[in-house]
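# Examination of the molecular architecture
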Amino acid sequence: MSLLVVGLSHRSAPVSVLERASLAVETQAKLLQDTLAAEPATEAAVLATCNRIELYADVDKFHAGVAELSTLLAQHSGVGLEELTPYLYVHYEDRAVHHLFSVACGLDSMVVGEGQILGQIKDALARGQELHTAGRLLNDLFQQALRVGKRAHSETGIDRAGQSLVTFGLQQLAAGAAPERWAAGKRALVIGAGSMSSLAAATLARTGVADIVVANRTRSRADRLVEILQQGDDTAVCARAVEMSAVGDELTRADIVVSCTGSTGLVLTADALADALGVTLDAAPERPAVTVTPAPADVDQHAAWVENGSAAATQAGRATALRRVTVPAQSTGPVRLALLDLAMPRDIDGAAHRIDGVRLVDIESLAEASADAPMAADVDRVRTIVSDEVAAFGAAQRAAHVAPTVVALRTMAAGVVAGEIARLDGRLPDLDEKQRAEITQTVRRVVDKLLHAPTVRVKQLASEPGGAGYADALRELFDLDPQTVAAVSRADLNDPNRGRS
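Each value, and the rule that gives it
Residues numbered from 1 in each chain as written. Predicted model: local features only at pLDDT ≥ 70, side-chain atom pairs only at ≥ 80, totals over all residues. Heavy atoms only, no water. 1 Å grid on protein atoms, 1.4 Å probe; cavity = no way out; pocket = protein on both sides within 12 Å on 5 of 7 lines; lining within 4 Å. Points joined across faces, edges and corners; volume = space filled by probe spheres on them. Helix = DSSP H or I, 4+ residues; strand = E, 2+ residues; numbered from the N terminus. Nonpolar A, V, L, I, M, F, W, Y, C, P; charged D, E, K, R; others polar. Salt bridge = Lys/Arg side-chain N within 4 Å of Asp/Glu carboxyl O. Buried < 20%, exposed > 50% of the residue type's maximum accessible area, 1.4 Å probe, protein only. Pairing = 2+ DSSP bridges. Core = buried A, V, L, I, M, F, W, Y, C linked by side-chain atoms within 4.5 Å. Axes fitted to C-alpha atoms, helices over the stretch in contact; angles between N-to-C directions. Contact = heavy atoms within 4.5 Å.

### Focus: empty space enclosed by the protein
For the structure on display, the rule yields 2 cavities of 30 Å³ or more. Within this model, the largest cavity holds a volume of roughly 130 Å³. Along its surface, the largest cavity is lined by 13 residues, and Cys-50, Asn-51, Ser-109, Glu-114 and Gln-120 are the ones closest to its centre. In terms of residues, the lining of the largest cavity owes the most to one element, helix 6 (residues 116-130), which gives 3 residues. Grouping the constituent residues of the lining of the largest cavity by class yields 6 nonpolar, 5 polar and 2 charged.

Right, here's the structure in full:
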């Protein structure tokens, strides 16, 4: 296994960079195809969410792999390599497995413990399978990550350690008040009808808002979301769907706006919000904001950190860059319109914070707020699960690496037995069937007993750290044909039942 991941997330990059580096679905497909066409990579998968972009690959050369994957991310994101590099992190082999398993459990999420990442990992795997860029290693890795994430949620209280991004956002909008009391009787406008917008609408309904209006470019999807909301037994919300062209009018009646679309441009400008509130944007006072300061780093420093973990390399360039987050100061007056922007790139103009009576919470301010959120004891239990699962995955991969060699060895031994029995038939043609069968069975038993101990032992040794070389030793000692071993590996990879769960 030579697993490599190169990526950036809300922990390493400011929102302004994540917005520009976001990848459309068609761009992700092209990135995967180009990664597979690159010399160091034999498999590839991309995990792209609103707050992370990660490229996973099975590579045969570490340094060349880091350089190639970093370059490909820069090319397809449209952010120059020199600008992107300080925000990239690199994980290799067991550390890469540990990273993905932590992501799957919600430990690396903006809000610890959120479960939406599992669906995004599942989508990333499905995309790699559909495009035939995910082979045996990445199929095993992502399927195991899904199982680890589900185990963490079922065996611990990690769900209680954090909440969904929507719930956390509403808590921030409520500014210390109980969200149920703050939202009770309010009118909400939800822009978008995708998975995040649907979650937002359902959360608002459970929180106690009186009315929800859903606006979406595809009216049928908005109608479907409204139908689902009205069928809920645990809410009494009044819901209706509107065209996107009606958003301006709905803003004048809304108390809460949640927006999460796939738009590449702003959905709500500061001018539109000011018009809805009947105020003049130009008259709004400018309030200071905190400046983002990225830590300097480069790809070679990341590579050094991964390879030797030295303190010097870590100080020179951390895999996760330290930074300060831009959080615009909010209006201190009464809130007339509460805005929650869950989109990446952002849907709502950041200048909205300049409008009196507007409170804006977006991905960046959520990241700042969640950094100080209390951590539950269950997080430690999840970390233990992750560590145990990483060790088990590594052992299974190393054992799987030696399996084709063991199969090839037994195939060669069976061929030797068959050849010797054929020679015996020529030398002793008068043997009856019973005698021939007994001799054949005896020879096979002798060979099986001779091979049993070394093959069992080599599997045990191969599952331990540093055990990958035992398969090479076995091939060398028994002079096995490398092409035969490769043929066994290909047959295993092409098994239609492999990896189904």
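### Focus on the pattern of salt bridges
Applying the stated criterion across every chain, the model contains 20 salt bridges. Of the charged contacts, one joins Glu-83 and Arg-20 as a salt bridge, the two residues approaching to 2.5 Å between their closest N and O atoms. Pair noted here: Glu-83 is in helix 4 (residues 81-84) and Arg-20 is in helix 1 (residues 15-21), with a separation of 63 residues, a long-range link. Classification of Glu-83 as partly exposed rests on a relative accessible area of 36%. Linking Glu-243 and Arg-219 is a salt bridge whose minimum nitrogen-to-oxygen distance equals 3.3 Å. Remark: Arg-219 occurs in helix 12 (residues 219-231) and Glu-243 occurs in the loop between strand 7 (238-242) and helix 13 (247-251); sequence separation between them is 24 residues.

### Quick notes on the pairing of strand 2 (residues 41-49)
Within strand 2, 7 of the 9 residues are buried, leaving the element largely enclosed by the surrounding structure. Where strand 2 and strand 3 (residues 52-59) come together, 8 bridges link them in antiparallel fashion. Each residue of the ladder has a partner; that of Ala-44, found in strand 3, is Ala-57. The turn joining strand 2 and strand 3, which pair antiparallel and follow one another in sequence, is formed by 2 residues.

### What to know about the nonpolar core
In terms of nonpolar packing, the biggest core is built from 71 residues, with Leu-4, Leu-204, Ile-212 and Leu-342 touching the most fellow members. Ranked by size, the runner-up nonpolar core spans 35 residues in total, among them Leu-3, Leu-107, Val-112 and Leu-137.

### A short note on the layout of surface pockets
Each pocket or cavity is described by its volume, and for the largest pocket that value is around 1200 Å³. Surrounding the largest pocket, 39 residues form its lining, Ala-48, Cys-50, Thr-261, Gly-262 and Met-344 being those nearest its centre. If you list the elements that add at least two residues to the lining of the largest pocket, you get helix 2 (25-37), strand 2, strand 3, helix 6 and helix 11 (195-207). Among the elements that take part in the lining of the largest pocket, helix 6 stands out by supplying 6 residues, more than any other.

### Re the pairing of strand 10 (residues 358-362)
In terms of burial, strand 10 is a largely internal element, 4 of the 5 residues being buried. Where strand 9 (residues 337-341) and strand 10 come together, 5 bridges link them in parallel fashion. Residue pairing across strands places Asp-341 opposite Asp-362, the latter belonging to strand 10.

### Some details on the sheet that holds strand 10
Read from one edge to the other, the open sheet built from 6 strands follows the order 7-6-5-8-9-10, with strand pairing classed as parallel. Either end of the sheet is taken by a strand with one partner, and the two such strands are strand 7 and strand 10. On average, adjacent strands in this sheet sit at an angle of 15° to one another, irrespective of strand direction. Across 4 bridges, strand 5 (residues 187-191) lies against strand 8 (residues 256-259) in parallel orientation. Among the inter-strand pairings, Leu-189 is bridged to a residue of strand 8, identified as Val-257. On the sheet, helix 9 (residues 165-174) packs against strand 9 and strand 10 and is oriented at approximately 150° with respect to strand 9.

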